[in-house]
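As a plain string of letters, each chain reads:
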Amino acid sequence: MPAELPRLSRTGPAPGVGIVHLGLGAFFRAHGAIYFAELMKQSGGDWGAIGVSLKSPKTRDMLVPQGCVYTALELGRNGQIPNVVTSVVDVRVAPEDPAAIISLMANPSIKIVTLTVTEKGYCHEPSTGKLDLKHPDIGHDLRHEWPRSAPGYLVRALQRRREAGLQPFTILTCDNLPHNGRVVRQVVLDLAREIDPDLADWIAANGRFPATMVDRIVPATKPEDIAAVSALTGYLDLAPVMHEPFRQWVIEDDFVDGTRPDLGAVGAQMVDDVTAFEHMKLRMLNGTHSALAYLGYLAGHETIADAVADPVFSQFVKDLWSAEIIPALTPPPGESLTAYSESLFARYANPAIRHRTWQIAMDGSQKLPQRILSTLTENYSAGRPSPGLLLAVAAWMRYVGGTDETGRPIEVKDPLAERLRRLSDAAATPQAKVAALLSVSEIFEPKLAQQIQNDVAQAYQRLVTSGARTAVQMLAS
Ligand code: CS2
């Protein structure tokens, strides 16, 4: 690292703060924070954000010494465009001082709490959408005033605002969950009801939880990216983010007192109902991302771009869209799903984006239902064959078994990793492994599990006998 370079720092005054963001990771810094920065550049307003890390101090330790500004590097096919993002004003680490986070969120200047806490951060049961009262962090938050979980912070801060006679903040979730607004509303109300039923009634009456669809491909920043940003800009930035040129943000226009920044002026789409956009994106983008991640990883492809550069996988993903996913979707107003699939393919193929299959493979137990299983459910009831999606489910099962095709261990990151591994190890045959994994009812609804069991078992057997790449190739013939 060229240590003699000057460190990036903030040059102008920091904006006023109207937003607290829970779970400050690369995605929000390369997406929402850029919309807010552009908005303030265009028309002012106090829409700066204080980021809160719910676990690790890493982001704070990198960002605070450089005034919380950072480089967002756009990686297009024709070059790289650095942009210094100034809308994040401070970063706090929640476990170091939870009381200070509650006070911050209860401050009347805070109008919106945005969240990217990943699928598992909502502590809900994916099959019912209800708060998982057995979740250890929720158990903690029920017994203690100072919380650990995202729902805990939201509820305790709303409680404080109610006591102070303030309005709630709008809760704007930016995670890839179906009905994400409804999910966050449900977990907040469930937790509030356990703590104080009157608080739950007040939140139900006054709170707002607009659903959103967020989209931008943001691979994790690698050490070599930091060096590349230095070489390009002449300064040292220890917390850059890498992103593709494309971005999309569709937001339900439902804010407390109608108070919101004019995000439409910087390209967000404000709509009454986000459902069709959300289904399109979760199933067409995230669904094929996960399918390419498990099958591509097993076939030895490091990134999505590498996978779709392989003709076997490019045919596979195109067939998934046209034969299995699009037929089960209703296009959002003004969108052509075929055109959307073509633009997705071009985004995947962008060689400048090194988005690792291993990164996308993470947390599959939390991702499969909305990305792949929802389409499978609809295809089974319509009598439509889904050989590619079934193979993707089998590949996930192979992957969580923990050994790749060359016999090397896979580092499986998933909240259910240990349990999945035990289930897989305890079963001797492909059929038995598939049956054991399909019994995990947080992931698979029993009816679907029964419907897909034989087909997934055959697909799993093909993966074992022929390997992932050949199994994918066999689908086309
Ligand atoms: C990816 C997403 O890591 C993953 O699971 O599928 O992060 C994806 O890149 C974004 O949702 C794109 O908007």
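Residues numbered from 1 in each chain as written. Predicted model: local features only at pLDDT ≥ 70, side-chain atom pairs only at ≥ 80, totals over all residues. Heavy atoms only, no water.

## As for the overall build of the protein
Line of reasoning, step 1. Helices and strands together make up the secondary structure of the protein, namely 20 helices and eleven strands.
Line of reasoning, step 2. In terms of C-alpha radius of gyration, the protein reaches 22 Å, essentially the compact-globule figure of 23 Å for 477 residues.
Line of reasoning, step 3. Viewed in the frame of its principal axes, the protein has a C-alpha envelope of about 60 × 55 × 45 Å.
Line of reasoning, step 4. In the protein, buried positions account for 55% of the 477 residues.
Line of reasoning, step 5. A fraction of 75% describes how many contacts in the protein between residues 6 or more apart in sequence connect residues 24 or more apart.
Line of reasoning, step 6. The protein carries 46 positive and 52 negative side-chain charges, and their two centres are separated by 2 Å. (Helix = DSSP H or I, 4+ residues; strand = E, 2+ residues; numbered from the N terminus. Rg over C-alpha atoms; globule rule 2.2 N^0.38 Å. Buried < 20%, exposed > 50% of the residue type's maximum accessible area, 1.4 Å probe, protein only. Contact = heavy atoms within 4.5 Å. Lys, Arg positive; Asp, Glu negative; His and termini not counted. Charge placed at Lys NZ, Arg CZ, Asp CG, Glu CD.)

## Overview of the layout of surface pockets
Line of reasoning, step 1. In this structure, the second largest pocket spans a volume of roughly 660 Å³.
Line of reasoning, step 2. Lining the second largest pocket are 30 residues, with Pro126, Ser127, Pro178, Pro369 and Gln370 sitting closest to its centre.
Line of reasoning, step 3. Mapped onto the lining of the second largest pocket, the elements with two or more residues apiece are helix H7 (180–195), helix H10 (275–298) and helix H15 (364–382).
Line of reasoning, step 4. Split by residue class, the lining of the second largest pocket holds ten nonpolar, twelve polar and eight charged.
Line of reasoning, step 5. Here the lining of the second largest pocket spans two domains, since at least three of its residues come from each of domain 1 (17–271) and domain 2 (275–475). (1 Å grid on protein atoms, 1.4 Å probe; cavity = no way out; pocket = protein on both sides within 12 Å on 5 of 7 lines; lining within 4 Å. Points joined across faces, edges and corners; volume = space filled by probe spheres on them. Nonpolar A, V, L, I, M, F, W, Y, C, P; charged D, E, K, R; others polar. Domains from an automatic or database assignment.)

## Regarding the environment of Pro327
Line of reasoning, step 1. Looking at the element boundaries, Pro327 is found in the loop between helix H12 (311–325) and helix H13 (337–349).
Line of reasoning, step 2. On the basis of relative accessible area, Pro327 is assigned to the partly exposed category, the value being 36%.
Line of reasoning, step 3. On a C-alpha basis, the gap between Pro327 and Ala349 in space is 24 Å, while along the polypeptide they are 22 residues apart.
Line of reasoning, step 4. Contacts of Pro327, omitting those with residues within four sequence positions, involve Trp321, Ser322 and Arg384.

## Thoughts on the sheet that holds strand S11 (residues 269–271)
Hydrogen bonds between backbone groups are what pair the strands of a sheet, and the pairing can be parallel or antiparallel.
Line of reasoning, step 1. Here three strands make up an open sheet; going across it, the order is S8-S10-S11 and the pairing mixed. The open sheet has two free edges, formed respectively by strand S8 (212–215) and S11, since each of these has just one partner strand. Adjacent strand axes in the sheet meet at a mean angle of 15 degrees when their direction is disregarded.
Line of reasoning, step 2. One ladder, built from four bridges, connects S8 with strand S10 (residues 248–252); its direction is antiparallel. Opposite Val214, over in S10, you have Trp249 as the bridge partner. (Pairing = 2+ DSSP bridges. Axes fitted to C-alpha atoms, helices over the stretch in contact; angles between N-to-C directions.)

## Here's the deal with the pairing of strand S6 (residues 112–115)
Line of reasoning, step 1. Every second residue of S6 is oriented toward a common face, with Ile112 and Thr114 on one face and Val113 and Leu115 on the other, all of them buried.
Line of reasoning, step 2. Pairing of strand S1 (residues 17–22) with S6 involves four bridges; the strand directions are parallel. Bridge assignment links Leu22 to a residue of S6, and that residue is Leu115.
Line of reasoning, step 3. With four bridges joining them, S6 and strand S7 (residues 170–173) adopt parallel strand pairing. Bridged to Leu115 within S7 is Thr173.

## So, the domain arrangement of the protein
Line of reasoning, step 1. For the protein, the assigned domains read domain 1 (17–271) and domain 2 (275–475).
Line of reasoning, step 2. With centres defined by C-alpha atoms, the gap from domain 1 to domain 2 works out at 28 Å.
Line of reasoning, step 3. Counting residues at the interface gives 32 residues for domain 1 and 31 residues for domain 2.
Line of reasoning, step 4. Summed over both partners, the interface of domain 1 with domain 2 comes to about 2,500 Å²; 56% of that surface belongs to carbon and sulfur atoms.
Line of reasoning, step 5. Interface area lost by domain 1 to domain 2 is led by Arg77, Glu119 and Ile217, which between them contribute 22%.
Line of reasoning, step 6. For the interface between domain 1 and domain 2, the tally reads four salt bridges. (Buried area = accessible area lost by both parts, 1.4 Å probe. Salt bridge = Lys/Arg side-chain N within 4 Å of Asp/Glu carboxyl O.)

## Thoughts on the pairing of strand S2 (residues 48–53)
One face of the sheet, then the other: side chains in a regular strand alternate in exactly this way.
Line of reasoning, step 1. Within S2, six of the six residues are buried, which leaves it mostly tucked inside the rest of the structure.
Line of reasoning, step 2. Across five bridges, S1 lies against S2 in parallel orientation. For Leu22, the partnering residue across the bridge sits in S2 and is Val52.

## Brief notes about the site of the ligand
Line of reasoning, step 1. Around the ligand sit Asn176, Val214, Asp215, Arg216, Ile217, Lys281, Asn286, His289, His355, Ile360, Lys367 and Arg371, and that is every residue in its neighbourhood.
Line of reasoning, step 2. Between an oxygen atom of the ligand and a side-chain N or O atom of Lys281, the distance comes to 2.7 Å.
Line of reasoning, step 3. Between an oxygen atom of the ligand and a side-chain N or O atom of His289, the distance comes to 2.8 Å.
Line of reasoning, step 4. Elements with a contribution of two residues or more to the shell around the ligand: S8, H10 and H15.
Line of reasoning, step 5. Counting residues per element, the shell around the ligand draws most heavily on H10, at three residues. (Near = heavy atom within 4 Å. Polar contact = N/O pair within 3.5 Å; in protein donor to acceptor, adjacent residues only side chain to side chain.)

## Re the nonpolar core
Line of reasoning, step 1. If you look at the biggest cluster of nonpolar residues, it comprises 78 residues, and the most contacted ones within it are Met284, Leu295, Met397 and Phe444.
Line of reasoning, step 2. The residues that make up this core include at least three from each of domain 1 (17–271) and domain 2 (275–475).
Line of reasoning, step 3. Setting aside residues up to four positions removed in sequence, Leu295 forms contacts with Phe313, Phe316, Leu391, Ala392, Ala395, Leu463, Ala468 and Val472. (Core = buried A, V, L, I, M, F, W, Y, C linked by side-chain atoms within 4.5 Å.)

## Quick look at the packing of aromatic side chains
Centre distance and the angle of the planes are the two values used to describe a pair of aromatic rings.
Line of reasoning, step 1. This model, assessed by the stated rule, comprises eight aromatic pairs.
Line of reasoning, step 2. A centroid spacing of 6.5 Å and a plane angle of 45 degrees characterise the contact between Phe28 and Phe36, whose relative ring orientation is tilted. In this structure, Phe28 and Phe36 share a single accessibility class: buried.
Line of reasoning, step 3. Between Tyr294 and Tyr399, the ring centres sit 5.3 Å apart and the planes meet at 65 degrees, which makes this aromatic pair edge-to-face. Of this pair, Tyr294 sits in helix H10 while Tyr399 sits in helix H16 (residues 387–400), and the two are 105 residues apart along the sequence.
Line of reasoning, step 4. The exposure class of Tyr294 is buried, given its relative accessible area of 1%.
Line of reasoning, step 5. These aromatic residues form a ring-pair network of at least three members: Phe28, Tyr35, Phe36 and Trp249.
Line of reasoning, step 6. Here Arg247 stacks its cationic end above the ring of Tyr35, 4.0 Å away from the centre of that ring.
Line of reasoning, step 7. Positioned above the aromatic ring of Phe345 is the side chain of Lys318, whose terminal nitrogen or guanidinium carbon lies 4.3 Å from the ring centre. (Phe/Tyr/Trp six-rings, centres within 6.5 Å; stacked < 30°, edge-to-face > 60°. Lys NZ or Arg CZ within 6 Å of the ring centre and 35° of its normal.)

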